[in-house]
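# Reading the structure
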Amino acid sequence: EDQVTQSPEALRLQEGESSSLNCSYTVSGLRGLFWYRQDPGKGPEFLFTLYSAGEEKEKERLKATLTKKESFLHITAPKPEDSATYLCAVQATDTGFQKLVFGTGTRLLVSP
Amino acid sequence: GAGVSQTPSNKVTEKGKYVELRCDPISGHTALYWYRQSLGQGPEFLIYFQGTGAADDSGLPNDRFFAVRPEGSVSTLKIQRTERGDSAVYLCASSPGGDQPQHFGDGTRLSIL
């Protein structure tokens with residue numbers, strides 16, 4: 001069964017303090033790994049798609065990387081507006097390859 | 001352009017009642033998805049439409065849940081004989097299909113009293 005585990009569950013950073021969020025996944029065949037940001041009371045907002053090990057994507061202070069077993073979301077010099085829950089999801093080749101299987105997310109709080 | 005629109009944003013009803021939740025996808029997106037998100041959890045897949053047909057309904061928890069997309073655009077998720085355990089945020093997403101990213105609406109927060 002496809003499974004996604006995110007750690008830590010919660011992370012508190014000072015503004016400017018860089019860190020990384022982890023997403024470990026188990027899937028028979030990976031079609032894509034997706035990172036989303038979710039603010040309270042809102043739907044998930046798409047950030048990145050990664051398709052193969054070694055791939056990296058960047059957007060402002062965020063950089064996502066992918067290996068065969070996990071993905072990292074690196075946050076460089078975060079700002080308070082980066083506070084949100086970050087969700088990781090996989091799309092597998094063997095489960096109709098359309099549905100996303102999500103982890104439970106990492107709640108990030110960046111203090112000024 | 002307009003994103004995915006879901007109505008109502010909040011719905012409170014009594015146990016045993018019937019509810020309908022509506023989703024307007026991004027114009028031109030052929031794929032539409034419903035997910036359910038409980039507090040502190042990630043979204044959980046319910047059903048996927050490609051065009052008018054339900055291509056994968058493996059996530060629907062039981063036969064009280066049903067969804068339609070009669071013209072290949074707007075979709076309605078229908079829940080009969082609601083139970084307190086159905087309380088959650090119901091999210092809709094759409095995409096151009098394939099491995100293109102899914103774009104989510106802000107959901108309907110359903111509360112069953």
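Preceding this paragraph is the structure being described.
The paragraphs below set out a description of the structure included in this document. (Residues numbered from 1 in each chain as written. Chains lettered and ligands numbered in written order. Predicted model: local features only at pLDDT ≥ 70, side-chain atom pairs only at ≥ 80, totals over all residues. Heavy atoms only, no water.)

## What about the overall build of chain B?
Tallying secondary structure elements over chain B gives 0 helices and 11 strands in all. Element order for chain B, N to C, with α for helix and β for strand: β-β-β-β-β-β-β-β-β-β-β. Taken over C-alpha atoms, the radius of gyration comes to 13 Å for chain B, in line with the 13 Å a tight globule of 113 residues would show. Oriented by its inertia axes, the alpha-carbon framework of chain B measures out at about 35 × 25 × 25 Å. Split into buried and exposed, the 113 residues of chain B put 46% on the buried side. Put simply, chain B shows about 5,300 Å² of open surface, and 45% of that area lies on carbon and sulfur atoms. A distance of 8 Å separates the average location of the 11 positive side-chain charges in chain B from that of its 12 negative side-chain charges. (Helix = DSSP H or I, 4+ residues; strand = E, 2+ residues; numbered from the N terminus. Rg over C-alpha atoms; globule rule 2.2 N^0.38 Å. Buried < 20%, exposed > 50% of the residue type's maximum accessible area, 1.4 Å probe, protein only. Areas by Shrake-Rupley, 256 points an atom, 1.4 Å probe, with all protein chains shown as cover. Lys, Arg positive; Asp, Glu negative; His and termini not counted. Charge placed at Lys NZ, Arg CZ, Asp CG, Glu CD.)

## Here we look at the interface of chain A and chain B
Residue-level contacts link 20 residues of chain A with 20 residues of chain B. For the chain A and chain B pair, buried surface summed over both sides reaches about 1,600 Å², with 51% attributable to carbon and sulfur atoms. Applying the counting rule to chain A against chain B returns 1 salt bridge. In this structure, the salt-bridge partner of Asp-106 of chain B is Lys-42 of chain A, at a minimum N-O distance of 3.8 Å. Along the contact surface separating chain A from chain B lie 6 residue pairs in polar contact (both at pLDDT 80 or more). Of all the elements in the fold, those that place two or more residues in the side of chain A that touches chain B are β4 (30-38), β5 (45-50) and β9 (84-92) of chain A. Of all the elements, β4 of chain A adds the most residues to the side of chain A that touches chain B, at 4 residues. Looking at the side of chain A that touches chain B residue by residue, the class counts come to 8 nonpolar, 9 polar and 3 charged. (Contact = heavy atoms within 4.5 Å. Buried area = accessible area lost by both parts, 1.4 Å probe. Salt bridge = Lys/Arg side-chain N within 4 Å of Asp/Glu carboxyl O. Polar contact = N/O pair within 3.5 Å; in protein donor to acceptor, adjacent residues only side chain to side chain. Nonpolar A, V, L, I, M, F, W, Y, C, P; charged D, E, K, R; others polar.)

## Points about the sheet that holds strand β3 (residues 19-24) of chain B
Residue and element names in this part refer to chain B. Ordered by their spatial adjacency, 4 strands build an open sheet running β1-β3-β8-β7, and the pairing between neighbours is antiparallel. Unpaired on one side and paired on the other, β1 (5-7) and β7 (65-68) mark the two borders of the sheet. Mean inter-strand twist for the sheet, computed between neighbouring axes without regard to direction, equals 15 degrees. Note: β1 against β3, 3 bridges, orientation antiparallel. Looking at the pairing, Thr-7 lines up with Arg-22 of β3. (Pairing = 2+ DSSP bridges. Axes fitted to C-alpha atoms, helices over the stretch in contact; angles between N-to-C directions.)

## Side note on the environment of Lys-69 of chain A
Residue and element names in this part refer to chain A. Along the chain, the position of Lys-69 falls in the loop between β7 (62-66) and β8 (70-75). Expressed as a C-alpha distance, the spacing of Lys-69 and Gln-98, which sit 29 residues apart in the sequence, is 20 Å. Dropping the residues within four chain positions of it, Lys-69 is found in contact with Cys-23, Ser-24 and Tyr-25.

## Quick word on the packing of aromatic side chains
All names here are of chain A. Summed over all chains, the structure comprises 9 aromatic pairs over all chains. Residues Tyr-36 and Phe-102 carry aromatic rings whose centres are separated by 5.9 Å and whose planes lie at 50 degrees to one another, so their mutual orientation is tilted. Of this pair, Tyr-36 sits in strand β4 while Phe-102 sits in strand β10 (residues 101-102), and the two are 66 residues apart along the sequence. Take Tyr-36 and Phe-102: they sit in the same class, and that class is buried. (Phe/Tyr/Trp six-rings, centres within 6.5 Å; stacked < 30°, edge-to-face > 60°.)

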